[in-house]
Amino acid sequence: MACTRVLVVVTVAALGAGLAGSSAMAKSLFVGLLDPLASGSSSGSAGPPPGPGTDAVTAACANQLRSIDRGPIQDGALNEISAITAGVRNPGLYWVHNDSGDSARIFALDQDGAVKHTYSLAGAGAQDWEDIAIGGGPVAGRSYLYVGDIGDNARQRREVVVYRVPEPTVTGSGTETLKDVDVLRLQYPDGAHNAEAMLVDPLTGELVIIEKTENGGPARVYRAPAGLVAGSVTTLDLVTTLTVPAGSSNLVTGADVSADGRELAVRTYGGVLLWHRDLTSSLWGAWSSPPCSGPQPEESQGEAIAFYPDGRGYVTVGEGAHQYLHNFVAP
């Protein structure tokens, strides 16, 4: 039986980047998708309470995020979740997949951790799937799932692969195969890298990958342009370096951007780093400013993070069978 556990948490506040501008492009794709977990009372006294309808990053910087655990996930097939993203065509559902060792498949998961549908990706391989993102694609106004086969622990791969497929509408339970899967091949400009964090900018359509270093410390950030053609091979651009401390707890294991492009999250084994983004600048431009720290999820090996569609919270989940969905919600 699914259950809900609520815990008031206190976060570490730091300076976040400011908000500016608006985006008709993002609103046209993601408008109106609100998460029911975002409502409810709040408590805590570490900082001044944020205003009503505030976003997750603002609440984190004010030490006001609430923790709500949902689940556990009952399906034993989900025993090594490495990625999560919120559905667009399917409000209230998440898309997840396992780490290396599973077949090329994704799962539609509800907010209590129940699997609603399982989809295999036709023609796809699964060497080391590490992250999943959602964004625009070849058909305007339609949402696409991007599955990142970007892991490379040995740092030997000549290229990594991202699979792009239109997000299906989930109706009923079962298993089926998704066709029309685009293969996007990517090469680094400076040799092989391991990576577990991938984002698709909802404003520009650019694809961004953050490397996972061997021992923590500064991580290089790469981007591919929007509009990648199916079957193409693209050399990534090195655009910046993300400053994180050294140590294994600071290895970058996941990332997400809110649907409106204003909030950024980077997941490490030891915590969650959060930024506001100036909409007049690039996605990675936000990482030149110090982050706020979100609450540290109680997960032995956490790699997955996703913002709510309305940006007022985010969810994390760790690897292992029967994990809980850890929700962090603004008042």
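Residues numbered from 1 in each chain as written. Predicted model: local features only at pLDDT ≥ 70, side-chain atom pairs only at ≥ 80, totals over all residues. Heavy atoms only, no water.

Novice: Whenever I open this one, unusual backbone geometry confuses me. Can you help?
Specialist: Excluding glycine, residues mostly have negative phi values, and the peptide bonds linking residues are mostly trans. Residues G71 and P72 are joined by a peptide bond in cis, for which omega reads 5 degrees. Relative to the assigned elements, P72 resides in the loop between β2 (66–71) and β3 (81–86). The phi dihedral of D180 falls on the positive side, at around 55 degrees, and the residue is not glycine. Structurally, D180 is set in the loop between β10 (175–178) and β11 (182–187). (Helix = DSSP H or I, 4+ residues; strand = E, 2+ residues; numbered from the N terminus.)

Novice: Any chance you could explain the side chain of D149 here in plain terms?
Specialist: If you trace the backbone, D149 turns up in strand β8 (residues 144–149). Among all residues touching D149, those that are not within four sequence positions of it are G125, A126, Q127, D128, W129, R157, V160, V161 and Y163. (Contact = heavy atoms within 4.5 Å.)

Novice: Would you take a moment to explain the confidence of the model for the protein for this structure?
Specialist: Of the residues in the protein, 84% reach a pLDDT of 70 or more, and the chain-wide mean stands at 87. Confidence over residues 1–49 falls short of pLDDT 50; this stretch has 125 contacts with residues more than four positions distant or in other chains. (pLDDT = per-residue confidence, 0-100.)

Novice: Which parts of the structure should I look at to understand the sheet that holds strand β13 (residues 207–211)?
Specialist: By definition, the strands of a sheet pair up through backbone hydrogen bonds, in either a parallel or an antiparallel sense. With respect to topology, four strands assemble into an open sheet ordered β12-β13-β14-β16, the strand pairing being antiparallel. Edge positions in the sheet fall to β12 (195–200) and β16 (237–242), since each has one partner strand and no second. Taken pair by pair, the neighbouring strands of this sheet meet at an average axis angle of 25 degrees, ignoring direction. (Pairing = 2+ DSSP bridges. Axes fitted to C-alpha atoms, helices over the stretch in contact; angles between N-to-C directions.)

Novice: Hey, could you run me through the pattern of salt bridges in this one?
Specialist: Side-chain pairs of opposite charge can arise whenever the charged atoms involved come near each other. Applying the stated criterion across every chain yields a total of 13 salt bridges. Measuring nitrogen to oxygen at the nearest pair gives 3.1 Å for the salt bridge that ties R157 to D149. The two residues R157 and D149 agree in class, both being buried. The closest approach of N and O atoms between D190 and R220, which form a salt bridge, is 3.8 Å. You can see D190 sitting in the loop between β11 and β12 and its partner R220 sitting in strand β14 (residues 219–224), a full 30 residues away along the chain. The exposure class assigned to D190 is partly exposed, which follows from its relative accessible area of 35%. (Salt bridge = Lys/Arg side-chain N within 4 Å of Asp/Glu carboxyl O. Buried < 20%, exposed > 50% of the residue type's maximum accessible area, 1.4 Å probe, protein only.)

Novice: Before we go on, may I ask you to explain the sheet that holds β10 in this structure?
Specialist: Taken together, the five strands give an open sheet; going across it, the order is β3-β4-β5-β6-β10, and neighbouring strands pair in mixed fashion. Every interior strand has two partners, whereas the edge strands, β3 and β10, have only one. The sheet shows a mean angle of 30 degrees between the axes of neighbouring strands, direction not considered. For strand β6 (residues 115–121) and β10, the ladder comprises four bridges, and the chain directions are parallel. When the sheet's bridge partners are listed, L121 is paired in β10 with L178.

Novice: Sorry, what's going on with the pairing of strand β17 (residues 252–257) here?
Specialist: Within a regular strand, the side chains alternate between the two sheet faces. Among the six residues in β17, six count as buried, and that is most of the element. Pairing of β17 with strand β18 (residues 263–268), which is carried by five bridges, proceeds in the antiparallel orientation. Residue pairing for β18: V252 is matched across the bridge by T268. With antiparallel pairing between neighbouring strands as the criterion, β17 and β18 make up a hairpin whose turn holds five residues, including G261 at a positive phi of roughly 80 degrees.

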